[in-house]
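Structure assessment
Residue-level listing of the chains:
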Amino acid sequence: MSIFDELKAKIVGHKKVIVLPEGEDERVLSAAVKLNSEGIIKPLVLGDEAQIKETAKDHKLDLTGLKIINPQNDIRRDDFAKQYFELRKGKESEEQAKKQILDPNYFANMLVYNGLADGCVSGAAHSTADTVRPALKIIKTQAGMKRVSGQFIMEKDQQRYIFSDCAMNIDPDVDTLVEIAYQAAQTAKMVGLEPKLAFLSFSTMGSAKGEMVSKVQAATVSFKEKYPEISADGEMQFDAAFVPSVGAKKAPDSNVAGHANVFIFPELQSGNIGYKIAQRLGDFTAIGPILAGLAKPVNDLSRGCSSQDVYEAAILTAAQSLDVE
């Protein structure tokens, strides 16, 4: 059973509301129609209703039962602007707040913030910054978290792994690495994995020295102290983390070496390179980036995404929302 089949089974009966701020985009609208017809998720589409209907007509999409909201004339617009102004605590003026709320991404995040939607999926027609910025301003991070990380679920046949951070934090410090690792462990549990975390490096258990190695060593120690219930070890090279015979040789006292399923990269460059190597040379499907660490789920799409990508991101977001009920 694929990840998405499992996640769909998890969310059945919960009727999660997922807001899609880019309703005028044919790919987004097609995904919304499919979700609406299945009845597992309640998609909420934002945009100009006339344009959306025209798009639906052009692509023979049935909008029956699909809820559409235009932020430009919605009756909650002024209340959301006042609320947003208060959330920003003087960082933006009242006029700026009124303008921001007309932006579909900001309006969508206000719906999520107020419990009128359970999550948001955007990015088909917006940059990552345009998707993430409103979420950080409005929804903010989970209690105890200061950062948001970008993870990938790597899947091939029966193999399933979590790679992080591959999308957000360029050069994380020790505390940020610990947060990234905790967030990755939660995603692992969401997709049915009992997390075994490997903090990756070019060194295994002190085989090399240097500032980069020391950072990973310190993060490993800190994580074990903070989350002793989660199996984790490091620092270790990828082969020591992944291959049982190599793990037994290089880290014989580790219960993670050779058996890791969650890989924590020391910085963004290696994480991004690593998942793309697995994807292109190893034929793994890379699902993500999944944004983790927000108080309520918001996920980013590639501007080159397909309708199926939007559909799957909505399912994933609905599953994430189960953990914040």
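In this numbering scheme, every chain counts its residues from 1 along its sequence in written order. The predicted nature of this model means local features are confined to residues of pLDDT at least 70 and side-chain atom pairs, given and counted, to a pLDDT of 80 or more, with totals for whole chains, interfaces and linings taken over all residues. Based on all heavy atoms of the structure, the side-chain values leave hydrogens and waters out of the count.

1. Considering the sheet that holds strand S11 (residues 298–300)
Applicable threshold: DSSP-based pairing: two strands are paired if at least 2 bridges between them are found. Helix and strand definitions follow DSSP, with helices as H or I runs of at least four residues and strands as E runs of at least two, each counted in order from the N terminus. To get an axis, fit a line to the C-alpha atoms, keeping to the stretch in contact for a helix; angles then go from 0 to 180 degrees between the N-to-C directions. The contact criterion used throughout is that any non-hydrogen atoms of two residues lie within 4.5 Å.
Taken together, the 5 strands give an open sheet; going across it, the order is S3-S2-S1-S4-S11, and neighbouring strands pair in parallel fashion. A single partner strand is all that each edge strand has here, and the edge strands are strand S3 (67–69) and S11. Adjacent strand axes in the sheet meet at a mean angle of 25 degrees, parallel and antiparallel pairs treated alike. In this structure, strand S4 (residues 119–122) lies alongside S11, joined through 3 bridges in parallel fashion. The partner of Cys120 across the bridge, within S11, is Val298. This element, helix H6 (residues 104–113), spans strand S1 (17–20), strand S2 (42–46), S3, S4 and S11 of the sheet and lies at about 145 degrees to S2.

2. Considerations on the environment of Gln142
Heads up, the condition is: For the purposes of these results, a polar contact is taken to be a pair of N or O atoms within 3.5 Å, where, inside protein, one atom must be able to donate a hydrogen and its partner to accept one; residues adjacent in sequence count only when each atom of the pair is a side-chain atom.
Considering the arrangement of structural elements, one finds Gln142 in the loop between helix H7 (128–138) and strand S5 (149–156). Residues Gln142 and Ala292, 150 residues apart in the sequence, show an inter-C-alpha distance of 9.1 Å. A distance of 3.3 Å separates a polar side-chain atom of Gln142 from the backbone oxygen of Leu294.

3. Brief notes about the packing of aromatic side chains
The relative placement of two aromatic rings is captured by the distance of their centres and the angle of their planes. Note the cut-off: When the centres of two rings from Phe, Tyr and Trp lie within 6.5 Å, Trp using its six-membered ring, the rings pair. Their planes under 30 degrees apart give stacked, over 60 give edge-to-face, and anything left gives tilted. Only protein chains enter the accessibility calculation, which uses a 1.4 Å probe; a residue is then buried when its area is under 20% of its type maximum, exposed when over 50%, and partly exposed in between.
Evaluation of the coordinates by the stated rule reveals 14 aromatic pairs. Judged by centre distance (5.6 Å) and plane angle (70 degrees), the ring pair of Tyr161 and Phe242 falls under edge-to-face. Taken together, the residues span a long stretch of sequence, with Tyr161 in strand S6 (residues 159–164) and Phe242 in helix H10 (residues 238–242) at a distance of 81 residues. Residue class for Tyr161 comes out buried when judged on its relative accessible area of 14%. Look at Phe242 and you get partly exposed, because its relative accessible area is 30%. Aromatic side chains Phe242 and Phe263 sit 6.3 Å apart centroid to centroid with 55 degrees between the ring planes, which places their arrangement in the tilted category.

4. A few points about H6
Counting buried positions over the 10 residues of H6 gives 8, a clear majority of the element. The positive-phi residue at the C-terminal boundary of H6 is Gly115, with phi of around 75 degrees.

5. Some points on the pattern of salt bridges
Heads up, the condition is: In what follows, salt bridge is the name for a side-chain nitrogen of Lys or Arg lying within 4 Å of a carboxyl oxygen of Asp or Glu.
With the rule as written, the count across this model stands at 15 salt bridges. With a closest N to O distance of 3.9 Å, Lys98 and Glu95 form a salt bridge. On the criterion of helical spacing, the pair formed by Lys98 and Glu95 is a turn pair, its members being 3 residues apart in helix H5 (residues 94–101). The exposure class of Lys98 is partly exposed, given its relative accessible area of 43%. The shortest N-O distance in the salt bridge between Arg160 and Glu155 comes to 3.1 Å. Each member of the salt-bridge network shares a partner with another, and the members are Glu6, Glu155 and Arg160.

6. So, the domain arrangement of the chain
Heads up, the rule is: By convention here, the domain bounds are inherited from an automatic or database domain assignment. Once two parts are joined, some of their accessible surface, as seen by a 1.4 Å probe, is lost; buried area is that loss totalled over both. In this classification, Asp, Glu, Lys and Arg are treated as charged, Ala, Val, Leu, Ile, Met, Phe, Trp, Tyr, Cys and Pro as nonpolar, and every other residue, Gly included, as polar.
Taken domain by domain, the chain holds domain 1 (3–140 + 295–321) and domain 2 (149–285). At the junction of the two partners, domain 1 supplies 8 residues and domain 2 supplies 6 residues. For the pair domain 1 and domain 2, the two sides together bury roughly 620 Å², of which 68% comes from carbon and sulfur. For Arg160, the salt bridge identified is with Glu6, shortest N-O distance 2.9 Å. The tally of links from domain 1 across to domain 2 stands at 3 residue pairs in polar contact (both at pLDDT 80 or more). For the side of domain 1 that touches domain 2, the residue count by class is 5 nonpolar, 1 polar and 2 charged.

7. Concerning the packing of helix H1 (residues 3–11) against helix H13 (residues 307–321)
Using the following cut-off: Geometric relationships in this document are graded by angle, where less than 35 degrees denotes roughly parallel, more than 145 denotes roughly antiparallel, 65 to 115 denotes roughly perpendicular, and other angles denote oblique. By the definition used in this description, the sense in which the near helix is turned from the far one sets the handedness, with an anticlockwise turn below a right angle giving left-handed and a clockwise turn giving right-handed.
Taken N-terminus to C-terminus, the directions of H1 and H13 make an angle of 50 degrees; their axes are 9 Å apart at the nearest point. By the angle class used here, H1 and H13 are oblique. Between H1 and H13 lies a crossing whose hand is left-handed. For the pair H1 and H13, contact is made by Phe4, Leu7, Lys8 and Ile11 and by Tyr311, Glu312, Ile315, Leu316, Ala318 and Ala319, respectively. When grouped by side-chain class, the residues that make up the contact of H1 with H13 number 8 nonpolar, no polar and 2 charged.

8. Details of unusual backbone geometry
A cis amide bond links Ser164 to the next residue, Asp165, at an omega of -5 degrees. In this structure, Asp165 sits in the loop between S6 and helix H8 (174–190). A cis geometry characterises the amide bond from Gly234 onward to Glu235, with omega recorded as -5 degrees. We note that Lys15 has phi near 50 degrees; this positive angle belongs to a residue other than glycine. Positionally, Lys15 belongs in the loop between H1 and S1. We classify Lys15 as partly exposed; its relative accessible area is 41%.

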